[in-house]
Amino acid sequence: MTTRMNLSEARSAYNALSTRETLADLLATRGCWPIELDTSAFGDIALSQCACRALDLDGLFSARYLGMAVEQAIVDAMSAAAESADPEDDLFFSVSFGRLGTVRLMARAMADYVQVFAAPN
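Residues numbered from 1 in each chain as written. Predicted model: local features only at pLDDT ≥ 70, side-chain atom pairs only at ≥ 80, totals over all residues. Heavy atoms only, no water.

Caption draft 1: Seen up close, the packing of helix α1 (residues 7-15) against helix α5 (residues 67-82). The contact between α1 and α5 brings their axes to 8 Å, and the two run at 135°. Relative to α5, the element α1 is oriented oblique. For the element pair α1 and α5, the recorded crossing hand is right-handed. For the pair α1 and α5, the contacting residues are Leu-7, Ser-8 and Arg-11 in the first and Gly-67, Met-68, Val-70 and Glu-71 in the second. Residues that form the contact of α1 with α5 fall into these classes: 3 nonpolar, 2 polar and 2 charged. (Axes fitted to C-alpha atoms, helices over the stretch in contact; angles between N-to-C directions. Helix = DSSP H or I, 4+ residues; strand = E, 2+ residues; numbered from the N terminus. Parallel < 35°, antiparallel > 145°, perpendicular 65-115°, else oblique. Left-handed = near helix turned anticlockwise from the far one by under 90°. Contact = heavy atoms within 4.5 Å. Nonpolar A, V, L, I, M, F, W, Y, C, P; charged D, E, K, R; others polar.)

Structural data, given as structure tokens:
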């Protein structure tokens, strides 16, 4: 059975971690995949485990990014990329977090939600 959470809940879980744990390990242990985003632009978005690892949520949260800021950065990047994309194709986009770097992701439309993965190199 999979337990789902949003990025704000993931941020709270990160704050409760001991120094040796990573959020990805905690979520994997608890079976908390995918992390869900509920957006008006794309509907339900599910961040896969590989997308969360690529985003380095531990690094973002330790740099004081809030869950809502991460979510907004993802949605903004998806929206910008969707303007020139074919709606039938996978959507490739980059999310920038300033000095922390840029992450390439891929979104795929499923039957009733959008699944986000780490983009293949």
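Caption draft 2: Representation of the packing of aromatic side chains in the model. One pass over the structure, following the stated rule, counts 2 aromatic pairs. A centroid spacing of 5.4 Å and a plane angle of 90° characterise the contact between Tyr-65 and Phe-97, whose relative ring orientation is edge-to-face. Here the residue Tyr-65 occupies a position in the loop between α4 (57-62) and α5, and Phe-97 occupies one in the loop between β3 (91-96) and β4 (102-109), the gap between them amounting to 32 residues. Judged by its relative accessible area of 24%, Tyr-65 falls in the partly exposed class. Phe-97 gets classed as buried once you look at its relative accessible area, which sits at 2%. (Phe/Tyr/Trp six-rings, centres within 6.5 Å; stacked < 30°, edge-to-face > 60°. Buried < 20%, exposed > 50% of the residue type's maximum accessible area, 1.4 Å probe, protein only.)

Caption draft 3: Highlighting unusual backbone geometry. Of note, Asp-56 is a non-glycine position whose phi angle comes to about 55°, a positive value. Examined against the element boundaries, Asp-56 turns out to sit in the loop between α3 (49-55) and α4. For Arg-64, which is not glycine, the phi torsion reads 75° and is therefore positive. Turning to its location among the elements, Arg-64 is positioned in the loop between α4 and α5. By relative accessible area, which is 69% here, Arg-64 ends up exposed.

Caption draft 4: How the structure looks around α1. Taken together, the buried positions of α1 are Leu-7, Ala-10, Arg-11, Ala-13 and Tyr-14. Across the axial projection of α1, the buried residues extend over an arc of 160°, all falling on one side. Turning to α1, the residues buried within the fold contact α2 (23-30), β1 (35-39), β2 (43-47), α4 and α5. (Arc of directions from axis to C-beta.)

Caption draft 5: Quick peek at the sheet that holds β2. Taken together, the 5 strands give an open sheet; going across it, the order is β1-β2-β5-β4-β3, and neighbouring strands pair in mixed fashion. Because the sheet does not close on itself, it has two edges, and the strands there are β1 and β3. Shown here is a sheet whose adjacent strand axes are inclined to one another by a mean of 30°, direction ignored. Examined bridge by bridge, β2 and strand β5 (residues 114-118) share 3 bridges and lie parallel to one another. From the neighbouring strand, Leu-47 faces β5, where its bridge partner is Val-116. (Pairing = 2+ DSSP bridges.)

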